[in-house]
Amino acid sequence: MEDDPETAGDRRQTLQTIQMLREVIDGDPYATVAQRWGLSRSAVDRRIKGLAVQLTQAVGVDGLQESGAAFVKRLRMHRDAILQALEHFDPAQVSSHREARVLKLDEVDLGARRVRSRSTRPLHDLALYYLPFATGLRPLEVARLTVGDYLLEDGSVRRESRVRADVAINGRDRPLFFNHRRLDEALGAYLDERIRAGHGLGAAEHWRGLDPLGPLFLGAEGEVYPITPNGGEGQNRYVCRPLLEIYRKIFRQADIPGLCTQSARLTLMSRMYERGADEDQVGLVLGIADRSAVREQLARPRPELAKVLEELA
């Protein structure tokens with residue numbers, strides 16, 4: 001069914017604004033972009049900043065907080081992160097009141113129960129739900145994971161793994177830890193379901209009978225989720241649209257205010273800080289190289305000086 005004229009017009013305007021944002025972060029002044037598109041400078045300024053705020057809320061831009069979206073210098077500083085966020089941005093899913101936030105543990109658990117009860121593929125979807133909370137992985141990185149990234153040859157969980165360079169969105173290898181009980185339970189149950197269905201099998205005596213080079217997650221009929229180019233010629237950008245849509249569906253089923261991939265990453269950051277991790281360690285796990293970028297996403301909590309100095313002697 002075709003869109004109504006208003007919806008189609010909104011979509012055209014959003015696509016136009018996305019292109020204007022690309023031009024601005026590539027260095028074009030607002031005035032130049034405004035002249036090119038036949039708009040006033042203030043209209044371009046308002047639309048670009050509004051889109052940047054939506055990106056921080058709906059997807060998350062590494063190193064850029066919502067407040068920073070008002071400054072063109074900051075937008076240009078985070079050009080690569082904005083381009084990555086645009087790969088995963090679907091304006092139809094944006095809610096003006098939704099803002100990524102740190103979730104409480106009982107909220108995460110409540111979301112999991114709702115996903116389990118509402119999903120048509122509960123084992124598959126529950127494992128996907130827990131992954132960003134446990135690892136900080138983005139959907140494209142999840143799509144690139146293999147069975148061998150998660151399992152050792154003897155079938156046990158690879159507790160200390162790697163986000164390989166060809167898996168990571170930024171192309172840089174980083175550590176990957178699978179030390180999350182609920183994820184183990186959900187992912188183990190999903191892999192058992194795959195084995196029963198005969199999807200992605202390998203040698204029976206190794207890797208639980210699965211092909212270690214095959215994707216960790218498969219479609220309902222055992223098909224591979226396609227990863228396709230998402231940029232112009234010469235641009236090394238990709239997207240896994242089916243898995244993106246599955247994540248959107250999972251988050252809708254969880255029905256937790258503010259829940260999106262970015263809020264799962266922020267929740268992981270917060271839990272790491274609670275355990276004593278510093279900004280370098282948080283950045284290493286989440287694939288953010290700059291400490292200031294980590295700090296802009298979620299500042300490390302600072303205790304009151306009175307508490308720090310209490311009974312030191």
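Just above, that's the structure.
Residues numbered from 1 in each chain as written. Predicted model: local features only at pLDDT ≥ 70, side-chain atom pairs only at ≥ 80, totals over all residues. Heavy atoms only, no water.

Draft legend 1. Summary view of the overall build of the protein. Helix and strand content of the protein: 15 helices and four strands. In summary, the protein has a C-alpha radius of gyration of 21 Å against a globular reference of 20 Å for 313 residues, a match within 12%. C-alpha extents for the protein along the principal axes are approximately 70 × 65 × 35 Å. Burial statistics for the protein: of 313 residues in total, 47% are counted as buried. Pairs at least 24 apart in sequence give 61% of the contacts found in the protein among residues at least 6 apart. Put simply, the protein shows about 16,200 Å² of open surface, and 50% of that area lies on carbon and sulfur atoms. (Helix = DSSP H or I, 4+ residues; strand = E, 2+ residues; numbered from the N terminus. Rg over C-alpha atoms; globule rule 2.2 N^0.38 Å. Buried < 20%, exposed > 50% of the residue type's maximum accessible area, 1.4 Å probe, protein only. Contact = heavy atoms within 4.5 Å. Areas by Shrake-Rupley, 256 points an atom, 1.4 Å probe, with all protein chains shown as cover.)

Draft legend 2. Examining the environment of T261 more closely. Here T261 shows up in helix α12 (residues 261-274). For T261, a relative accessible area of 13% translates into the label buried. Taking the C-alpha atoms as reference points, T261 and L137, separated by 124 residues in sequence, lie 8.6 Å from one another. Sequence-distant contacts of T261, that is, excluding residues within four places in its chain, are made with L137, R138, P139 and F251.

Draft legend 3. Structural context of unusual backbone geometry. Of note, W207 is a non-glycine position whose phi angle comes to about 50°, a positive value. Summarising the element assignment, W207 is placed in the loop between α10 (181-197) and β3 (228-229). In this model, D255 sits at a positive phi of 55°, which is unusual for a non-glycine residue. Looking at the secondary structure, you find D255 in the loop between α11 (241-254) and α12. Overall, D255 belongs to the partly exposed group, its relative accessible area being 46%.

Draft legend 4. Molecular detail of the side chain of E87. For E87, the location among the structural elements is in helix α5 (residues 79-87). Setting aside its immediate chain neighbours within four residues, E87 contacts L140, N230, R237, Y238, V239 and L244.

Draft legend 5. Molecular detail of helix α6 (residues 105-118). Look at α6: 20 Å from first C-alpha to last across 14 residues, which is about the 20 Å you get at 1.5 Å a residue. Among all positions in α6, only E107, V108, G111, A112 and V115 are buried. Projected onto a plane normal to the axis of α6, the buried residues spread over an arc of 140° and lie on a single side. Facing away from the buried surface of α6 by more than 90 degrees, the exposed residues are D106, R113 and S117. Buried residues along α6 sit in contact with α7 (122-135) and α11. (Expected span 1.5 Å × (residues − 1). Arc of directions from axis to C-beta.)

Draft legend 6. Up close: the pattern of salt bridges. Under the definition given, this model contains 21 salt bridges. Residues D125 and K249 are paired through a salt bridge, measuring 3.8 Å at the closest nitrogen-oxygen approach. With D125 in helix α7 and K249 in helix α11, this residue pair connects regions lying 124 residues apart in the sequence. One salt-bridge network, in which partners are shared between bridges, spans E279, D280, R291 and R295. (Salt bridge = Lys/Arg side-chain N within 4 Å of Asp/Glu carboxyl O.)

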